[in-house]
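Examination of the molecular architecture
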Amino acid sequence: MKKYGDLQHELEENGLYEIDSKIKSILFGLGFDEEDLNKRCNEFSGGWVMRIHLAKLLLASPEILLLDEPTNHLDLEARNWLEDFIRSYMGAVILVSHDRFFLDATVNRVGELFASDFKVYKGNYSKFERLRQEYIDNIYKSAKEYDEKVEKHTKFIEKFRYKATKASQVQSRIKMLDKIEKPIIPPKKKRITFEFPNSKESGLKVIEVKDFAKQYDEKIVFMDVDFTIERGQRIAVCGKNGCGKTTLLKCLSDVVDHDMGEIEFGYNVKKNYYAQEPTELLSLENTLYDELYQNANFTQGENLRNLLGAFLFSNDDIYKKVKVLSGGERARLALAKMLLVPSNLLIMDEPTNHLDLESKDILLDALKKYRGTIIFVSHDRYFVENLANRVFNFHDGEMQVFNGSYKDFLKKVEY
Ligand SMILES: Nc1ncnc2c1ncn2[C@@H]1O[C@H](COP(=O)(O)OP(=O)(O)OP(=O)(O)O)[C@@H](O)[C@H]1O
Ligand SMILES: [Mg+2]
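Each chain has its residues counted from 1, running along the sequence as written. Chain A is the first chain written and ligand 1 is the first ligand written, with later ones labelled in order. Whole-chain, interface and lining totals are the exception, using all residues; otherwise, since this is a predicted model, local features are given only for residues with pLDDT of at least 70 and side-chain atom pairs are given and counted only at 80 or more. Neither water nor hydrogens contribute to the side-chain values; these are computed over all heavy atoms in the structure.

Here we look at the sheet that holds strand β5 (residues 205-216)
One key point about sheets: their strands pair by backbone hydrogen bonds, in either a parallel or an antiparallel sense. Rules: Note on pairing: DSSP must find at least two bridges between two strands before they are called paired. Working definition: helices are DSSP H or I runs of at least four residues, strands are E runs of at least two. Numbering for both runs from the N terminus. Fitted lines through C-alpha atoms serve as axes, helices being fitted only where they are in contact, and the angles separating the N-to-C directions of these axes extend from 0 to 180 degrees. Only heavy atoms enter the contact rule, under which two residues are in contact if any of them lie within 4.5 Å.
Here we have three strands laid out as an open sheet, ordered β6-β5-β8, and antiparallel in their pairing. At either end of the open sheet lies a strand with only one pairing partner, and these are β6 (219-230) and β8 (260-265). Between one strand and the next, the sheet's axes are offset by a mean angle of 15 degrees, whatever the strand orientation. Across five bridges, the pairing between β5 and β8 is antiparallel. From the neighbouring strand, Lys 210 faces β8, where its bridge partner is Glu 262. Against the sheet, helix α8 (residues 245-252) contacts β5, β6 and β8, and its axis sits at roughly 125 degrees relative to β5.

What follows is the structure, given as C-alpha cells:
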C-alpha cells in the first residue's frame, strides 16, 4: 500500500494529472478546437501539421528549444503567435529560418555556417547582414594592404639583393615578408540561376471555373466557387492554414478530383504544378540524375548536368538518392524538374518554403520574367507583394476575388 501511495505521489509530482489540461491549453492556444482533438494527423493541412509538431515540442518545454524552419507552412496569425512565444520563452532557443522578418523579431545572435567555418554575430538578422558585409569588406581591405606590402618589400629585396651595404636591411625585409599573414578571402556564395521555359502562348481565357465545390468525406472545403483567369495574370491564393488553398490548386492541376461544377481550360493551355510538399513530386528511390532523366525529352539529355549544376548540385551529388536530400535540396530538385517542361500556366503551392533568402529572390525574378499565367500560394509577404496582380482570398468558407495588388487588397479588407 505504501509503495502504491509513493508511486501515486510520484505521478502527481510529475504532472500526470495535469497533462490533459496542459495538452488542451497548448493545442487551443495554437488554434485547434475541441473537434480537432480526435482527428488523425494526416487529415490536417500543411500549416496545421506544423502546429502539431510545435505543440509536441512545447509540451516538453525543454531548456534548449531547437527549431528547424518552424515558419514553413504557417499563416500570418500562427507566425505572430510563434514570434511572441519565442520572445517570451524562458530557455534558450536555437532556430534555423529563411524568413527575414521572423528572424529579426526573434533572435539576438546569428551564427553563420559558411566555407567550413562557423561565425557568431551579435544582434538580429538585419544587424548580421550589416556586420557580415563589414567583415567581408574588411577582409578585402586587408587583402589589398597585404598585396601592397608584399609588393613594396619584394621590390626592395629585388633591387638591393646584390648590394653588400644593404644586406642586413634585405634580410630584415625577407623576415618581414615571412611574418605578414595572408588574409583568407572567403569564397563567393554560389547562387542558383534559372528561367522557366515558356511554351507557345495560350488563348486569352486560361481557366473558367463554375459552381465549383470540393469536400473530404462530410467536410466541405469550399463550394459555389466561380472565377475566370486570363492570360498573364499572376494570382495569389491567400487565406489561413486549412482554408483550402492546396485543395484548390490540386483540383486545378488534376491531382485530386472535384465534387461539383466545371473546370474549363482555354485554348492551348500547358500547365505545370509545384506541390506544397515537393516530395509528392519526386521518386525517393531515384538518383538525382535519374529523377530528371526519366522526365527529360530526347534533346534535353545532354543538358541535365548543367541543369543540376544551376541548382547547385555538383557532379558528386548527382548520383545521390533523392531520399537523402535535405528539405531545401528537395525543393531545388523539384524546381529543376519543372524546368524540363515548357508551359504557359504555372500552379505553385508555397514554392518559397525551404528556399534560402537569395534563392527566394532568384525564384521571384524568374517568375516575374515568365510570360505565362501564374497561380500561387505563399505566406511570404514580400514575395506575394512583389508578384501578384490579383488575389483570391478564402475567408469564412468563401472565396473572394480581388483585382489588384496584394497591398491594395490588404488596404481594402478590414481584418
Ligand atoms: N486527404 C484529406 N482528408 C481529409 N481532409 C483533408 C485532406 N486534405 C485536406 N483536408 C482538409 O481540407 C481542408 C483544406 O486543406 P488544404 O490543404 O487545402 O488547406 P490549405 O489552405 O492549403 O492550408 P495550409 O496553409 O496549411 O497549407 C483542411 O481542413 C484539411 O484538414
Ligand atoms: Mg496548403
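Quick look at the pairing of β5
Bridging between β5 and β6 involves eight bridges; their strand directions are antiparallel. What sits directly across from Ile 207, in β6, is Ile 229. Hairpin remark: β5 followed by β6, antiparallel, with two residues in the connecting loop; positive phi at Asp 217, about 50 degrees.

Quick notes on the coordination of the magnesium ion (ligand 2)
Put simply, the rule reads: Coordinating donors are taken as N, O and S atoms within 2.8 Å of the metal, stretched to 3.2 Å for Na, K and Ca; because water is absent from the atoms, sites can appear incomplete. Only protein chains enter the area calculation, which uses a 1.4 Å probe; residues under 20% of their type maximum are buried, those over 50% are exposed, and those in between are partly exposed.
For the magnesium ion (ligand 2), every protein donor is listed as Thr 246 (OG1) and Gln 276 (OE1), and the spread of their distances is 1.9 to 2.1 Å. Residue Thr 246 is located in helix α8, and its partner Gln 276 is located in the loop between β9 (271-274) and α9 (288-293); the two are separated by 30 residues in the primary sequence. Judged by its relative accessible area of 9%, Gln 276 is buried.

A word on the side chain of Arg 51
Looking at the secondary structure, you find Arg 51 in helix α3 (residues 46-60). If we skip the residues at most four places from it in the chain, Arg 51 touches Leu 30, Phe 32, Leu 74, Asp 75, Ala 78 and Asn 241.

Some thoughts on the site of ligand 1
Our working rule: We call a residue near a molecule or strand when any one of its heavy atoms sits within 4 Å of it. Identification of polar contacts relies on pairs of N or O atoms within 3.5 Å, with a donor-acceptor requirement for protein atoms, meaning one able to donate a hydrogen and the other able to accept it, and with residues adjacent in sequence counted only if both atoms are side-chain atoms. In short, Shrake-Rupley with a 1.4 Å probe defines the accessible areas, and a residue's cover is counted only from the protein chains shown. Basically, the charged four are Asp, Glu, Lys and Arg, the nonpolar ten are Ala, Val, Leu, Ile, Met, Phe, Trp, Tyr, Cys and Pro, and anything else, Gly included, counts as polar. Note that the domain bounds were set by an automatic or database domain assignment.
Around ligand 1 lies a shell of 19 residues, among which Glu 43, Gly 47, Lys 245, Thr 246 and Thr 247 are the nearest. Backbone polar atom of Cys 243 to an oxygen atom of ligand 1: 3.3 Å apart, as the coordinates give it. Surface burial for ligand 1 is 82%, taken as the share of its 640 Å² of free accessible area covered by protein chains. Mapped by element, the contributors of at least two residues to the shell around ligand 1 are α3, β6 and α8. Among the elements that make up the shell around ligand 1, the one with the highest residue count is α8 (three residues). Residues that form the shell around ligand 1 fall into these classes: four nonpolar, ten polar and five charged. Mapping the shell around ligand 1 onto the domain boundaries places at least three of its residues in each of domain 1 (2-115) and domain 3 (205-412).

Some remarks on the packing of helix α6 (residues 125-160) against helix α7 (residues 167-179)
For clarity, the threshold we go by: Note that the term roughly parallel is reserved for angles under 35 degrees, roughly antiparallel for angles over 145, roughly perpendicular for angles of 65 to 115, and oblique for everything else. Here a crossing is called left-handed whenever its near helix is offset anticlockwise from the far helix by less than a right angle, and right-handed whenever the offset is clockwise.
Direction vectors running N to C along α6 and α7 enclose 150 degrees, while the axes themselves pass 10 Å from each other. Considering the angle they form, α6 stands roughly antiparallel to α7. For the crossing formed where α6 meets α7, the hand is left-handed. Facing Val 150, Lys 152, His 153, Thr 154, Phe 156, Ile 157 and Phe 160 of α6, the residues of α7 in contact are Gln 169, Val 170, Arg 173, Ile 174, Met 176 and Leu 177. Its residues assigned to classes, the contact of α6 with α7 shows eight nonpolar, three polar and two charged.

Focus on α3
To keep things clear, this is the line we draw: Take the number of residues in a helix, subtract one, and multiply by 1.5 Å to get its expected span.
The end-to-end C-alpha distance of α3, which contains 15 residues, comes to 22 Å, matching closely the 21 Å that a straight helix rising 1.5 Å per residue would cover. Inspection of α3 places Gly 47, Trp 48, Met 50, Arg 51, Ile 52, Leu 54, Ala 55 and Leu 58 among the buried residues, and these make up the whole buried set. Looking at the buried side of α3, the elements it contacts are α2 (19-29), β1 (64-68) and α4 (76-87). Residue Ser 61 follows α3 closely and has a positive phi angle near 25 degrees.

Things to note about the sheet that holds β9
With mixed pairing, the six strands of this open sheet are ordered in space as β9-β10-β11-β7-β12-β13. Only two strands of the sheet have a single partner each, and these edge strands are β9 and β13 (398-403). Recorded for the sheet is a direction-independent mean angle of 15 degrees between the axes of neighbouring strands. Across four bridges, the pairing between strand β7 (residues 234-238) and strand β12 (residues 390-395) is parallel. By the bridge assignment for β12, Ile 235 is matched with Arg 390. Packing of helix α11 (residues 327-338) onto the sheet brings it into contact with β9 and β10 (345-349), and relative to β9 it is tilted by some 175 degrees.

Brief notes about the domain arrangement of the protein chain
Operational definition: Accessible-area loss on putting two parts together, using a 1.4 Å probe and summing over both, is the definition of buried area adopted here. For salt bridges, the criterion is a side-chain nitrogen of Lys or Arg within 4 Å of an Asp or Glu carboxyl oxygen.
Each assigned domain of the protein chain is listed here: domain 1 (2-115), domain 2 (127-179) and domain 3 (205-412). With 16 residues of domain 1 at the interface, the matching set in domain 3 holds 13 residues. Summed over both sides, the interface of domain 1 with domain 3 buries roughly 1300 Å², with 45% coming from carbon and sulfur. Taken together, the links from domain 1 to domain 3 amount to zero salt bridges. Our count for the contact surface shared by domain 1 and domain 3 stands at ten residue pairs in polar contact (both at pLDDT 80 or more). Elements with a contribution of two residues or more to the side of domain 1 that touches domain 3: α3 and α4. Ranked by residue count, the leading element in the side of domain 1 that touches domain 3 is α3, at four residues.

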